[in-house]
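Structural features, examined
The chain contents come next:
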Amino acid sequence: FPDDRYADGMKADEAIERLRAAKGRKDQPFFIAVGFLKPHLPFVAPKRYWDLHDRNAFKLAEPQTPPVGAPGYAPQSGGELRNYKDIPASGRLPDDLQRTLIHGYYAATSYMDAQAGRVLAELEALGLAENTIVVLWGDHGWHLGDHGIWCKHTNYEQAARIPLLVAGPGVQRGASTPALVETVDVYPTLAELA
């Protein structure tokens, strides 16, 4: 299937159309929020994104048991994932299924990345990139079998750590910070940059 047969491809198409419309209104600032869904479950993407990754090259997470000394409530069973067909209701997931899930996560991530790339390429092609603030962030991380955990809903770093990138006028290229940043920081940062 083509990219736009899936929701994120349709969202990228709409964002591109809105950028083109914004280009025509030179005297008016614009704000466009594009909420891509992937790599959330279900891990679906056009075949070519699956083909980018060799599923046999994926190593399974180690260890697949909760951290030593962790309280019993700290890990979780992956309830969201276990609602899907062909996923065991409990227990360790078979190795082959783990590889398929990891492969799916990578395929879905590559698909979303391509859609974000299409929007950014159009921003550049329209000559709007130099005067536009772009923020890319995720709402949560994801466990891929580490400590036997799948999905999110933990306070472990894999679920709590997210990507957060800011680009635009007044933002130093390539800069990074070791400081703790939270999603509540996005709005005041945008307000200050604007």
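Residues numbered from 1 in each chain as written. Predicted model: local features only at pLDDT ≥ 70, side-chain atom pairs only at ≥ 80, totals over all residues. Heavy atoms only, no water.

**Things to note about the overall build of the chain**
Here is the rule: A run of DSSP states H or I qualifies as a helix once it reaches four residues; a run of E qualifies as a strand once it reaches two. Both are numbered from the N-terminal end. Here the term buried applies to any residue with accessible area under 20% of the maximum for its type, exposed to any over 50%, and partly exposed to those in between, with areas from a 1.4 Å probe on protein chains only. In this analysis, two residues are considered to be in contact whenever any of their non-hydrogen atoms come within 4.5 Å of each other.
Tallying secondary structure elements over the chain gives 6 helices and 4 strands in all. Scanning the chain from its N terminus toward the C terminus, one meets helices and strands in the order α-α-α-α-β-β-β-α-β-α. Once the C-alpha set of the chain is aligned to its principal axes, its extents read approximately 60 × 40 × 25 Å. The burial tally for the chain puts 34% of its 194 residues in the buried class. Counted over contacts in the chain with a minimum sequence separation of 6, partners at least 24 positions apart contribute 74%.

**Thoughts on the pattern of salt bridges**
Pairs may arise between side chains of opposite charge once their charged atoms sit close together. Selection criterion: Each reported salt bridge corresponds to a side-chain nitrogen of Lys or Arg within 4 Å of a carboxyl oxygen of Asp or Glu.
Tallied over the full model, the rule gives 10 salt bridges. Across the salt bridge formed by R18 and E14, the nearest N and O atoms sit 2.8 Å from each other. Placement of both R18 and E14 in helix α1 (residues 7-23) is noted, with a separation of 4 residues, approximately one turn of the helix. The exposure class assigned to R18 is partly exposed, which follows from its relative accessible area of 49%. Exposure remark for E14: the relative accessible area of 40% places this residue in the partly exposed category.

**So, unusual backbone geometry**
For the bond from L41 to P42, the omega torsion is -5°, close enough to zero to count as cis. Checked against the element boundaries, P42 lands in the loop between α1 and α2 (47-50). Cis geometry is found at the peptide bond from E62 to P63, where omega equals -5°. Along the polypeptide, P63 turns up in the loop between α2 and α3 (79-82).

**A few points about the environment of F43**
Here F43 lies in the loop between α1 and α2. Linking F43 and L101, residues 58 residues apart in sequence, is a C-alpha distance of 7.6 Å. Those residues in contact with F43 that lie beyond four places of it in its chain are W50, L101, G104, Y105, A108 and W142.

**What about the nonpolar core?**
Short version of the rule: We define the nonpolar core as a collection of buried residues of types Ala, Val, Leu, Ile, Met, Phe, Trp, Tyr and Cys that are connected through side-chain atoms lying within 4.5 Å of one another.
Ranked by size, the top nonpolar core spans 16 residues in total, and within it F43, L81, L93, L101, W142 and W150 carry the most contacts. Sort the elements by how many residues they give to this core and helix α4 (residues 95-125) lands first, with 5 residues. Excluding anything up to four places from it in sequence, L93 contacts L81, R82, I87, P88, Q98, L101 and W150. In terms of nonpolar packing, the next biggest core, distinct from the first, is built from 8 residues, A12, L19, L123 and L128 among them.

**A word on the side chain of E122**
By secondary structure assignment, the location of E122 is in helix α4. Note on E122: relative accessible area 15%, which makes it buried. Other than its neighbours up to four places away in sequence, E122 contacts I16, L19 and R20.

**Things to note about the packing of aromatic side chains**
In plain terms, the rule: Aromatic rings from Phe, Tyr and Trp, with only the six-membered ring used for Trp, were paired whenever their centres fell within 6.5 Å, and each pair was classed as stacked if the ring planes differed by under 30 degrees, edge-to-face if by over 60, and tilted otherwise.
Applying the stated criterion across every chain, the model contains 7 aromatic pairs. The interplanar angle of 70° and the centroid separation of 6.3 Å between the aromatic rings of F1 and Y6 together place this pair among those described as edge-to-face. Accessibility expressed as a relative area gives 62% for F1, which makes it exposed. Note on F43 and Y105: the rings are 5.7 Å apart at their centroids and 85° apart in plane angle, and the pair reads as edge-to-face. Separated by 62 residues along the polypeptide, F43 in the loop between α1 and α2 and Y105 in helix α4 bring together distant segments of the chain. The buried category is assigned to F43, whose relative accessible area is 11%. Taken together, F1, Y6, Y49 and Y111 form an aromatic cluster joined through their ring pairs.

**What to know about the environment of P67**
For P67, the position within the fold is in the loop between α2 and α3. C-alpha separation for the pair P67 and H147, spaced 80 residues apart in sequence, amounts to 6.6 Å.

**As for the packing of α1 against α4**
To be explicit about the condition: The angle between two axes is taken between their N-to-C directions and runs from 0 to 180 degrees, where each axis is a line fitted to C-alpha atoms and a helix contributes only its stretch in contact. The labels follow the angle: roughly parallel below 35 degrees, roughly antiparallel above 145, roughly perpendicular from 65 to 115, and oblique for the rest. Each residue receives one of three labels: charged for Asp, Glu, Lys and Arg, nonpolar for Ala, Val, Leu, Ile, Met, Phe, Trp, Tyr, Cys and Pro, and polar for the others, Gly being one of them.
α4 packs onto α1 with a crossing angle of 10° between their chain directions and a minimal axis gap of 9 Å. Between α1 and α4, the angle is such that the two are roughly parallel. The segment α1 lies against α4, with A7, D8, G9, A12, D13, A15, I16, L19 and R20 engaging Y111, M112, Q115, R118, V119, E122 and L123. Here the residues of the contact of α1 with α4 sort into 9 nonpolar, 2 polar and 5 charged.

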